[in-house]
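These are the residues of each chain, in order.
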Amino acid sequence: MKTTKIKVYSLLTIGILSSILIALFLLNNYRVKTSSNEIKFDVTPPSGIAAHFTLSKDYCMSILPEEEAVFDMGSRHSLVCKETLQRIAEKAIPHRISSAMIYTKDVNGNHKLYTKKLIIDIALPNPECPDSVYRIHNVDFLIDDTITNNVLGMNVLKHFAIKRLFKTNEILLYFDAPNHNYQEVCELKLHESILGSLFGNEVNRASVSLSVNGETPHCYFMDTGQSMRTIEVVQPEYKIASATGRVHIDSITGMITQKRCKVKFGNRLRFSRVIYENDLHTDKYGMNPFKFFNQDCIIDIPNRRLLIRKPEK
């Protein structure tokens, strides 16, 4: 009799948990189908260029009049700070505040449940068409009271091929990446988790396979967030044992660095500065493409490929 009751309770527990997971799955599917992140422009951009701007030293770009956001490939979602939210309300800029249920990492790598989001049109800077204001309609920004800088994350950037001009630090966002004078060197990988999708975390992160000092290649997540402004490559501290050259320990920060590591990507090899750190960054293996690539490059997210400019003849 007791065994039968235990079986019944077990089946009920499994049934309840299954119902919760199915409900979360259906809720997320509804959220995806009614997503407000569809890229929709007032006019069709010429030459496939959706935006053209110069990144500031803080990796910031304009998204609204007198409002900037960090261009952050390390953040799955765009975020808005409370100060910007207040100014938007004061200026009577059209927007909506909606409920959300998104469990994801914040800019510091800590897991957090976001329950509110801002839905607003953002304007993309494009000096090639000064008479036209290009807008992305209905972009989601999770409301985060703990941050001081807005973030433009992968929920927007995933739609574009990101071209970066090394010497001028200019960024061009394309719908279709130009192949002229560029060559593909390796593929990009896009990562998502089933559990993350259930909790509204359906946006992918991009990574590239790198081999440092002859090690087994790992997927290094691309991150252009502010904590990565001066960093080329970061990996766990226990990888110090494979360093092929002198390792420097900063007496003030305690940061462990090797200045000239052999880093292989695709069929290319270059020397790069690698930082060994366990708590510096939200990913075990991370890289800043704007610091790592010392030449013009295109990060073609929709087509999952990395291109670099061909050498001049």
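The coordinates are above.
For every chain, the first residue of the written sequence is number 1, and numbering continues from 1 along that sequence. Per-residue local features of the predicted model are confined to residues with pLDDT of at least 70, and side-chain atom pairs are confined, for both listing and counting, to 80 or more; whole-chain, interface and lining totals are unaffected and use all residues. In computing side-chain properties, one takes all heavy atoms of the structure into account and sets aside hydrogens as well as water.

Q: So what exactly am I meant to see when it comes to the overall build of the chain here?
A: Helix and strand definitions follow DSSP, with helices as H or I runs of at least four residues and strands as E runs of at least two, each counted in order from the N terminus. Looking only at helices and strands, one finds 5 helices and 20 strands in the chain. Residue exposure (1.4 Å probe, protein chains only): buried if accessible area is under 20% of the type maximum, exposed if over 50%, otherwise partly exposed. When the 313 residues of the chain are sorted by exposure, 46% land in the buried category. Contacts were defined at the residue level, with two residues in contact if any of their heavy atoms lie within 4.5 Å. For the chain, the proportion of contacts with a sequence separation of at least 24, taken over those separated by at least 6, is 68%. Computed with a 1.4 Å probe, the accessible areas rest on the Shrake-Rupley method; for each residue, only the protein chains presented here act as cover. As presented, the chain carries roughly 16600 Å² of accessible surface, and 54% of it is formed by carbon and sulfur atoms.

Q: In this structure, what is going on with the environment of D140? I would like to understand it.
A: By secondary structure assignment, the location of D140 is in strand β7 (residues 134-143). In this structure, the C-alpha to C-alpha distance between D140 and V156, residues 16 residues apart in sequence, is 8.8 Å.

Q: Explain the pattern of salt bridges here, please?
A: Close approach of charged atoms allows side chains of opposite charge to pair. Whenever Lys or Arg places a side-chain nitrogen within 4 Å of a carboxyl oxygen from Asp or Glu, that contact is recorded as a salt bridge. The tally for this structure, following the rule as stated, stands at 9 salt bridges. With its nearest N and O atoms 2.9 Å apart, the salt bridge here joins D144 to K112. Note that D144 is positioned in the loop between β7 and β8 (150-152) and K112 in strand β6 (residues 111-124), a separation of 32 residues in sequence. A salt bridge links E232 to R270; the nearest nitrogen and oxygen atoms lie 3.8 Å apart. Placement of the pair is E232 in the loop between β13 (218-222) and β14 (233-235) and R270 in strand β17 (residues 268-276), with a sequence separation of 38 residues.

Q: Looking at this structure, how should I read unusual backbone geometry?
A: Leaving glycine aside, a negative phi is the common case for residues, and trans is the common case for peptide bonds. Despite not being glycine, Y59 shows a phi value in the positive range, around 60°. Within the fold, Y59 resides in the loop between β1 (49-54) and β2 (60-64). Since its relative accessible area comes to 5%, Y59 is described here as buried. With a phi close to 60°, A92 is a non-glycine residue in the positive phi region.

Q: Even after reading the chapter, I still don't get helix α2 (residues 82-90), so can you show me in this structure?
A: Residue pairs three or four apart in sequence face the same way in an α-helix, which turns once every 3.6 residues. Of the positions making up α2, those classed as buried are T84, L85 and I88. Taken around the axis of α2, the buried residues stretch over an arc of 105°, which confines them to a single face. This arc corresponds to the set of directions leading from the helix axis out to the C-beta atoms.

Q: What's the story with the nonpolar core in this structure? I'm lost.
A: Soluble globular proteins: nonpolar side chains tend toward being buried together. Buried Ala, Val, Leu, Ile, Met, Phe, Trp, Tyr and Cys residues that are joined via side-chain atoms within 4.5 Å together make up what is termed a nonpolar core. In this structure, F71 and I162 are the most contacted members of the largest nonpolar core, which totals 56 residues. Residues within four places of I162 in sequence aside, it is in contact with F71, M73, L157, I171, L172, L173, F290, C297, I298, I299 and I301. If you look at the next biggest cluster of nonpolar residues, it comprises 9 residues, including I49, A161, Y174 and I298.

Q: Before we go on, may I ask you to explain the side chain of N155 in this structure?
A: Within the secondary structure, N155 sits in helix α3 (residues 154-157). Reaching out from N155, the side chain makes a polar contact with the backbone oxygen of D140 at a distance of 3.2 Å. Under this definition, polar contacts are N or O atom pairs within 3.5 Å; protein pairs additionally need one hydrogen-donor-capable and one acceptor-capable atom, and for neighbouring residues in sequence, both atoms have to be side-chain atoms.

Q: What should I look at first to understand the pairing of β2 in this one?
A: Along a regular strand, successive side chains alternate from one face of the sheet to the other. Where burial is concerned, most of β2 is hidden: 4 out of the 5 residues are buried. The pairing criterion is simple: DSSP has to find at least two bridges between the two strands. Here β2 runs beside strand β3 (residues 67-71); their pairing, made up of 4 bridges, is antiparallel. Along β3, the bridge assignment pairs C60 with V70. In textbook terms, the turn of a hairpin is the stretch between consecutive antiparallel strands, and for β2 and β3 this stretch comprises 2 residues, one of which, E66, has a positive phi near 65°.

Q: What's the story with the pairing of strand β16 (residues 256-265) in this structure? I'm lost.
A: Taken together, the 2 bridges between strand β12 (residues 205-212) and β16 define a ladder with antiparallel strand orientation. When the sheet's bridge partners are listed, S211 is paired in β16 with K264. Of the pairings in the sheet, the one linking β16 to β17 comprises 8 bridges and is antiparallel in character. Of the residues in β17, the one forming a bridge with Q258 is V274. Here β16 folds back onto β17 in antiparallel fashion, the turn holding 2 residues, of which G266 has a positive phi close to 60°.

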